[in-house]
Amino acid sequence: ETGVTQTPRHLVMGMTNKKSLKCEQHLGHNAMYWYKQSAKKPLELMFVYNFKEQTENNSVPSRFSPECPNSSHLFLHLHTLQPEDSALYLCASSQDQQGLYRTGANVLTFGAGSRLTVL
Amino acid sequence: SQQGEEDPQALSIQEGENATMNCSYKTSINNLQWYRQNSGRGLVHLILIRSNEREKHSGRLRVTLDTSKKSSSLLITASRAADTASYFCATDEWYSSASKIIFGSGTRLSIRP
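This is a predicted model, so every value here is computed, not measured. (Residues numbered from 1 in each chain as written. Chains lettered and ligands numbered in written order. Predicted model: local features only at pLDDT ≥ 70, side-chain atom pairs only at ≥ 80, totals over all residues. Heavy atoms only, no water.)

K.L.:
Would you mind going over the overall build of chain B in detail, with residue names and values included?
P.N.:
Of regular secondary structure, chain B possesses zero helices and 11 strands. Listing the helices and strands of chain B from first to last along the sequence gives β-β-β-β-β-β-β-β-β-β-β. Here the C-alpha radius of gyration of chain B, 14 Å, is about what a compact globule of 113 residues would show, namely 13 Å. Taking the principal axes of the C-alpha coordinates as reference, chain B spans close to 50 × 30 × 20 Å. Sequence-distant contacts, at least 24 apart, represent 55% of the contacts inside chain B between residues at least 6 apart. Of the side-chain charges in chain B, 14 are positive and 11 negative, and the distance between the mean point of each set is 3 Å. (Helix = DSSP H or I, 4+ residues; strand = E, 2+ residues; numbered from the N terminus. Rg over C-alpha atoms; globule rule 2.2 N^0.38 Å. Contact = heavy atoms within 4.5 Å. Lys, Arg positive; Asp, Glu negative; His and termini not counted. Charge placed at Lys NZ, Arg CZ, Asp CG, Glu CD.)

Written out as structure tokens, the structure reads:
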């Protein structure tokens, strides 16, 4: 248990469905991240939230909609996805994005991931 | 954006041997991190080396950093079956006084019993 919990662990959805992925961290961190991991591709940073404010949207299609209601929770809302969106979606947290200034490092703690299959 | 590139992409060794993985990156960094991922799971932070450090140890792990060559290596000594996993280097990319962590494509390490 890393302190970052992702649910569901597995999700199968059709292209017309609406579903959500949830991430919760119990580490007192203030920055949260969504990464996408597809087969044989590097991890792709999707979104970053720092103190509940979105600080990064890495040109992610609008069918992915993030939500960060507080520093402990992060959601990824999914709508009209494509089969190529099938991947492992990883949530991570860190102290905050300015951690580098104080400690010289921005170390991520990851959840176990949500395996998404789009039919 | 900047990205670490690991070499080799896959490595298979006998249990007890040492495993060495390399990472190259493109631009200046403040630090470089190594993470490990067991199949289908999340990544786990292993070790961080700062740009002013050349070598760092943690248990059976040894990391080196050569900023002049923009490269790093991860050495796992006396490998065990439980070391079978994918290993990623990660560098920080700065924008608007905040950092984001960018990962390479990883090295898949298999330890044969």
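K.L.:
Talk me through the environment of B:Lys26; I want residue IDs and the actual numbers.
P.N.:
The topology assignment puts B:Lys26 in the loop between strand S3 (19–24) and strand S4 (31–37). A C-alpha to C-alpha distance of 18 Å links B:Lys26 and B:Glu53, two positions 27 residues apart in sequence.

K.L.:
Give a description of the state of the cysteines that names residues and reports values.
P.N.:
Residue and element names in this part refer to chain B. In this structure the tally under the stated criterion is two disulfides over all chains. The side chain of Cys 23 participates in a disulfide bridge whose partner is Cys 89; the two sulfur atoms lie 2.0 Å from each other. Its S-S torsion of about 65 degrees marks the bond between Cys 23 and Cys 89 as right-handed, since a negative value means left-handed. Of this pair, Cys 23 sits in strand S3 while Cys 89 sits in strand S9 (residues 85–95); the two residues are 66 residues apart in sequence, bridging distant segments of the chain. (Disulfide = S-S within 2.5 Å.)

K.L.:
With reference to specific residues and values, describe the sheet that holds strand S7 (residues 64–70) of chain A.
P.N.:
All names here are of chain A. Pairing in this open sheet of four strands is antiparallel, and the strands run S1-S3-S8-S7 from one edge to the other. Every other strand in the sheet has two partners, leaving strand S1 (4–7) and S7 as the edge strands with one partner each. Direction aside, the axes of adjacent strands within the sheet are offset by 15 degrees on average. With four bridges connecting them, S1 and strand S3 (residues 18–25) associate as antiparallel partners. Across the sheet, Val 4 pairs through a bridge with Gln 25, a residue of S3. (Pairing = 2+ DSSP bridges. Axes fitted to C-alpha atoms, helices over the stretch in contact; angles between N-to-C directions.)

K.L.:
Go over the sheet that holds strand S7 (residues 61–66) of chain B, please, and point to the residues and values.
P.N.:
All names here are of chain B. Overall, antiparallel pairing links the five strands, which are arranged S1-S3-S8-S7-S6 in an open sheet. Only two strands of the sheet have a single neighbouring strand rather than two, namely strand S1 (5–7) and strand S6 (55–58). Averaged over all pairs of adjacent strands, the angle between their axes in this sheet comes to 20 degrees, without regard to strand direction.

K.L.:
Would you mind going over the pairing of S4(B) in detail, with residue names and values included?
P.N.:
In terms of burial, S4(B) is largely enclosed, as seven of its seven residues are buried. Taking the residues that link successive antiparallel strands as the turn, the S4(B)-strand S5 (residues 43–50) of chain B hairpin has five residues, and the phi of B:Gly40 there is positive, at about 70 degrees. (Buried < 20%, exposed > 50% of the residue type's maximum accessible area, 1.4 Å probe, protein only.)

K.L.:
Kindly report on the confidence of the model for chain B, identifying the contributing residues and their values.
P.N.:
Overall, the predicted model of chain B reaches an average pLDDT of 90, with 93% of residues at or above 70. Model confidence for chain B, summarised as mean pLDDT per element, is weakest for strand S10 (residues 98–103) of chain B at 80 and strongest for S7(B) at 98. (pLDDT = per-residue confidence, 0-100.)

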